[in-house]
Amino acid sequence: MEKSLVINPDKCTGCLQCEMACSYENEGVFNPSKSRIKVFTFHQEGRFVPYTCTQCSDAWCQHACPVDAISLNLVTGAKEVNDSSCVGCKVCTISCPFGTINYNQSSGKVIKCDLCGGDPKCATACPTQAITYIDANQTGMDKMRKWASVTDNTSTNTSANA
Amino acid sequence: MQYIIVGAGPSGVIACETIRKLDQKAQITLITGQKEPPYSRMAIPYFLEHKITEAGTYLRHNSEHFRALNIIVINEKITAIVTPKNTIKLADGTELGYEKLLLATGAHAVSPPIEGISLNDVHNCWTLEDARNIASKAVSGSSVVLMGAGFIGCIILESLLKRGVNLTIVEMGDRMVPRMMDDTAGGLLKSWCESKGVKILTSEQVTSISEADSSDKHSLIVNLKDSQDLSADLVICATGVKSNIDFLDGSGIIVDQGIIVNEFLQTNIDNIYASGDVAQGLDFSDQSLHVQAIQPTAVEHGRIAAINMVQHNSCVHHGSINMNILDTMGLISASFGQWMGVEGGQESILLDAKNFRYLNLQFKDECLVGMSSLGHTQNIGVVRGLIRSKVKLGIWKQRMMKDPSRLMEAYLADL
């Protein structure tokens, strides 16, 4: 069974360990601004929401890429950016209706969550299990997928999106 | 089923691939008027600055890609469609039969009708061939005049400067990217470019181009309406594009600016569809028909048209959102939907001119309908999500009216 990152904002304390772990794994530095997962803070409500790519089946980023730089990892289901092909045109960053693929000015390329090849460090680092990596059919995920369906022009025909 | 797809840009290519996914037995033929393998013009600026080779512009990097999908590629121009016979004619005289036809013939660059526009050292910036010509002439120390400060003009600025040219931009409009940004953002973009050593003449026009005397070290003289003549080694004309529809004369297919398509990307002829830069399809924002000529729309069209060709109009196109993202020498601008605002709407603006940061949100009732920005890149795709899903923002609209930078919070509030 394919596994997914499942996010439960109610358990998040805003400690940013996930951002640290992500940045260290992918960029070699402890720098939250380079993290592919972001924790958003709702000051008024005292609430924290970790947010990253859901590896949606529509793969807006992949389809929009003009140079074939985003591909599907058949083992993990992650959509991965191939740095050697990415030219940094940023079309994917406006195409993804979740805003989870971002331009990295220092490399001139885009970055997104690739599930760390099947061992996502954000989930390992999370001390409260707000981020877990488990079987795909779980609640939090469904809610994010619901977003996908309202923003999706072609949701009635997922067969063409596999 | 016999499918012919005409045009090997992003729209045609994704259509072929989608048809193959849905119908293993389909006979798919891809017709391209270009000599090269399918390539992306979005990658041309990066080719010009030597970041990639020509092969880096290819839409698919595996040279066996189309063969592996059993898609026949024919490099020949289409000259006509004979709709009663369900055939197309190619420039070499071949006539091919189709059961379903997709027209994804794209657009071509247009030049103003001025004297000297066909001179040797005047080039458009649209095809790979144009890019090769620009690359051979935009060499270090040369003087380049760029006509047009729209999307295409702006996106090649950095590569031209990296090539070491002296650059002057001549734009007819009163600001840069007039069809993508308002005057505040366009003005900031102009001062950004000027701070990088680019000379920009707005509200100015090239009236003619002539060959310089052989004694002159530059090859061209560029005459302007109000300002002094410019000397140049190369003139790049990036003044706009038009849909490729001329071959449709006499076909019975209804055209306006582009080919008119319905909510299935279907033309007025049942078994003929159109997609991408050649299609005048539904715009999500105003629900009228526009040629958007942008990459995300080309791809969206291509997929939806392909599904409808195979699965009998089962997939409705609700309209594409016009959107652009542009990197002008490191200053990133973006615009979405009705960035210019709508009647009876409200706007919320954050401006930090000193740091070239700008964020402009446009609302209609409780929904976000448009956005334009400078210097904002993180999570920018949520703007598409919010516009497309027509989320009723409620209290979050009030919060964003006070502080537009709370966009991401508004997006996540329900999660």
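The rules behind each value
Residues numbered from 1 in each chain as written. Chains lettered and ligands numbered in written order. Predicted model: local features only at pLDDT ≥ 70, side-chain atom pairs only at ≥ 80, totals over all residues. Heavy atoms only, no water. Pairing = 2+ DSSP bridges. Helix = DSSP H or I, 4+ residues; strand = E, 2+ residues; numbered from the N terminus. Axes fitted to C-alpha atoms, helices over the stretch in contact; angles between N-to-C directions. Contact = heavy atoms within 4.5 Å. Buried area = accessible area lost by both parts, 1.4 Å probe. Salt bridge = Lys/Arg side-chain N within 4 Å of Asp/Glu carboxyl O. Polar contact = N/O pair within 3.5 Å; in protein donor to acceptor, adjacent residues only side chain to side chain. Nonpolar A, V, L, I, M, F, W, Y, C, P; charged D, E, K, R; others polar. Core = buried A, V, L, I, M, F, W, Y, C linked by side-chain atoms within 4.5 Å. Buried < 20%, exposed > 50% of the residue type's maximum accessible area, 1.4 Å probe, protein only. Expected span 1.5 Å × (residues − 1). Domains from an automatic or database assignment.

## Structural notes on the sheet that holds strand β4 (residues 78-82) of chain B
Residue and element names in this part refer to chain B.
Thinking step 1. The strand order across the open sheet built from 3 strands is β4-β5-β6, with neighbouring strands paired in antiparallel fashion. Two strands lie at the open edges of the sheet, namely β4 and β6 (95-97), each paired on one side alone. Each strand of the sheet is rotated relative to its neighbour by a mean of 25°, with strand direction disregarded.
Thinking step 2. Across 3 bridges, the pairing between strand β5 (residues 87-90) and β6 is antiparallel. From the neighbouring strand, T87 faces β6, where its bridge partner is G97.

## A few points about the interface of chain B and chain A
Reports often express the size of an interface as the amount of accessible area lost when the parts come together.
Thinking step 1. Contacts between chain B and chain A engage 58 residues on the former and 48 residues on the latter.
Thinking step 2. Taking both partners together, chain B and chain A bury about 4600 Å²; carbon and sulfur atoms supply 56% of that area.
Thinking step 3. For E45 of chain A, the salt bridge goes to R399 of chain B, with nearest N and O atoms at 3.6 Å.
Thinking step 4. For the pair chain B and chain A, the interface holds 15 residue pairs in polar contact (both at pLDDT 80 or more).
Thinking step 5. The set of elements that each furnish at least two residues to the side of chain B that touches chain A consists of α1 (10-22), α8 (295-310), β22 (323-328), β23 (331-337), α9 (382-389), α10 (395-402) and α11 (407-412) of chain B.
Thinking step 6. Counting residues per element, the side of chain B that touches chain A draws most heavily on α8 of chain B, at 7 residues.
Thinking step 7. Classifying every residue of the side of chain B that touches chain A gives 27 nonpolar, 19 polar and 12 charged.

## A look at the nonpolar core
Thinking step 1. L167, I169, M176, I236, F336, L368 and L393 of chain B are the most contacted members of the largest nonpolar core, which totals 96 residues.
Thinking step 2. For L393 of chain B, the residues in contact, after removing those within four places along its chain, are F363, E366, C367, L368, L386, M400 and A410 of chain B.

## Considering α8 of chain B
Residue and element names in this part refer to chain B.
Thinking step 1. With 16 residues, α8 extends 23 Å between its outermost C-alpha atoms, agreeing within 8% with the 22 Å of an ideal straight helix rising 1.5 Å per residue.
Thinking step 2. Of all 16 residues making up α8, 16 are buried, and the element is well covered by its neighbours.
Thinking step 3. Downstream of α8 by one or two residues, H312 has phi in the positive range, about 50°.

## A short note on the domain arrangement of chain B
All names here are of chain B.
Thinking step 1. The domain boundaries assigned to chain B delineate domain 1 (2-108 + 241-310), domain 2 (122-237) and domain 3 (338-412).
Thinking step 2. Computed over C-alpha atoms only, the centres of domain 1 and domain 2 are separated by 31 Å.
Thinking step 3. Between domain 1 and domain 2, roughly 1500 Å² of surface is buried when both sides are summed, and carbon and sulfur atoms account for 67% of that area.
Thinking step 4. Here domain 1 is connected to domain 2 by 3 salt bridges.
Thinking step 5. E54 is the salt-bridge partner of R132, the closest N and O atoms lying 2.7 Å from each other.
Thinking step 6. Where domain 1 packs against domain 2, one counts 8 residue pairs in polar contact (both at pLDDT 80 or more).
Thinking step 7. The biggest single contributor to the side of domain 1 that touches domain 2 is helix α2 (residues 44-48), with 4 residues.

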